[in-house]
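Observations on the three-dimensional arrangement
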Amino acid sequence: MAVTIAPGPAAVPRRPTRKDTRRLSPGRAVAWTYLGGIVLVTLFPFYWILRTALSNNYQLATNPSSPLPVGFTWGAFERVLGIASTAEAQAQGGSGATLDIAIYLRNSLIYASVQTALIVLLSAAAAYAFSRLHWRGRDLVFNILISALMVPTVFTLLPNFVLVKDLGLTDTFAGLILPGGLFQAFALFFLTARFRMRSEGGGGI
């Protein structure tokens, strides 16, 4: 009489425990070391800015390579906040010029807000035309505009300044905002790709 042996239950792979995930393997050690180095390299310039801001300008010149503040002082921050007098600022190596941080913050807020709104509005409108509408020469025009990504920003500084000067917009918010707010190649490329993905039923962010 033949005997049938029923197969046993399939072996279930063991799920890694918390102890396994915490075990430091050579590969994980190398990865953490690499990431730590990247973090240090990224944060070091910010530390150096803070170290310089907390140093006395006169004493800093005597030991410019010191990793710690030279002649520790809050003078730079007091000068920015309008607490230090002109004489105190000059005594610590400052120029003694007046600073109005409120105006600087206001100008930065206006510039960032208006330019961001322009970039989003105009780039979204152009991206809709390039992704959802069909018109002759659409792809050619899109490729020409996107080719601006290959032009370094430094190459456009002088032409933009000459244009702003010829339009009489120097020392105005319009002259500061319009060159970067009217056209951003990356924003156009990103939004066009996103709109096309949505129209084709794809996922994405």
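**Some remarks on the overall build of the chain**
Looking only at helices and strands, the chain features ten helices and zero strands. Taken from N to C terminus, the helices and strands of the chain fall in the order α-α-α-α-α-α-α-α-α-α. Each of the 205 residues in the chain was classed as buried or not, and the buried ones make up 15%. When contacts within the chain are restricted to residue pairs at least 6 apart in sequence, those whose partners lie at least 24 apart make up 47%. Accessible surface computed for the chain: about 15800 Å², of which carbon and sulfur atoms make up 69%.

**Section: the packing of aromatic side chains**
Scanning the model with the defined rule gives seven aromatic pairs in all. Seen in terms of ring centroids, Phe 44 and Tyr 47 are 6.4 Å apart; in terms of plane orientation they differ by 45°. Their pairing is tilted. With Phe 44 and Tyr 47 both in helix H2 (residues 26-53) and three residues apart, this pair spans about one turn of that helix. An aromatic cluster of at least three residues, connected via ring pairs, comprises Phe 44, Tyr 47 and Trp 48.

**Section: the layout of surface pockets**
The computed volume of the largest pocket comes to approximately 550 Å³. If you trace the largest pocket, you find 19 residues lining it, with Thr 153, Thr 156, Asn 160, Pro 179 and Phe 183 closest to the centre. Counting residues per element, the ones that place at least two in the lining of the largest pocket are helix H6 (101-131), helix H8 (153-166), helix H9 (173-181) and helix H10 (185-199). Considering every element that reaches the lining of the largest pocket, the biggest residue donor is H8, with six residues. Of the residues that constitute the lining of the largest pocket, the class distribution is twelve nonpolar, seven polar and no charged. Broken down by secondary-structure element, the contributors of at least two residues to the lining of the second largest pocket are H2 and helix H4 (75-80). For the lining of the second largest pocket, the element with the most residues is H4, which contributes three residues. Its residues placed into classes, the lining of the second largest pocket shows four nonpolar, seven polar and one charged.

**Points about the pattern of salt bridges**
The full count for this structure, using the stated rule, is two salt bridges. For the salt bridge of Arg 138 with Asp 139, the shortest nitrogen-to-oxygen distance reads 3.5 Å. On the accessibility criterion, Arg 138 (14% relative accessible area) is buried. Given a relative accessible area of 43%, Asp 139 falls into the partly exposed group. In this structure, Asp 139 engages Arg 196 in a salt bridge whose closest nitrogen and oxygen atoms are separated by 4.0 Å. With Asp 139 in helix H7 (residues 138-146) and Arg 196 in helix H10, the pair connects residues that are 57 residues apart, well separated along the chain. Through salt bridges with shared partners, a single ionic network connects Arg 138, Asp 139 and Arg 196.

**Structural notes on the nonpolar core**
If you look at the biggest cluster of nonpolar residues, it comprises five residues: Ala 127, Phe 130, Phe 142, Ile 146 and Leu 188. Of all elements in the fold, only H6 and H7 reach the threshold of two or more residues within this core.

**Comments concerning H6**
Between its terminal C-alpha atoms H6 stretches 44 Å, which fits the 45 Å expected from 31 residues at 1.5 Å a residue. Looking only at H6, the buried set comprises Gln 115, Ile 119, Ser 123, Ala 127, Phe 130 and Ser 131. Elements that come into contact with the buried residues of H6 comprise H7, H9 and H10.

Thresholds applied
- Residues numbered from 1 in each chain as written.
- Predicted model: local features only at pLDDT ≥ 70, side-chain atom pairs only at ≥ 80, totals over all residues.
- Heavy atoms only, no water.
- Helix = DSSP H or I, 4+ residues; strand = E, 2+ residues; numbered from the N terminus.
- Buried < 20%, exposed > 50% of the residue type's maximum accessible area, 1.4 Å probe, protein only.
- Contact = heavy atoms within 4.5 Å.
- Areas by Shrake-Rupley, 256 points an atom, 1.4 Å probe, with all protein chains shown as cover.
- Phe/Tyr/Trp six-rings, centres within 6.5 Å; stacked < 30°, edge-to-face > 60°.
- 1 Å grid on protein atoms, 1.4 Å probe; cavity = no way out; pocket = protein on both sides within 12 Å on 5 of 7 lines; lining within 4 Å.
- Points joined across faces, edges and corners; volume = space filled by probe spheres on them.
- Nonpolar A, V, L, I, M, F, W, Y, C, P; charged D, E, K, R; others polar.
- Salt bridge = Lys/Arg side-chain N within 4 Å of Asp/Glu carboxyl O.
- Core = buried A, V, L, I, M, F, W, Y, C linked by side-chain atoms within 4.5 Å.
- Expected span 1.5 Å × (residues − 1).

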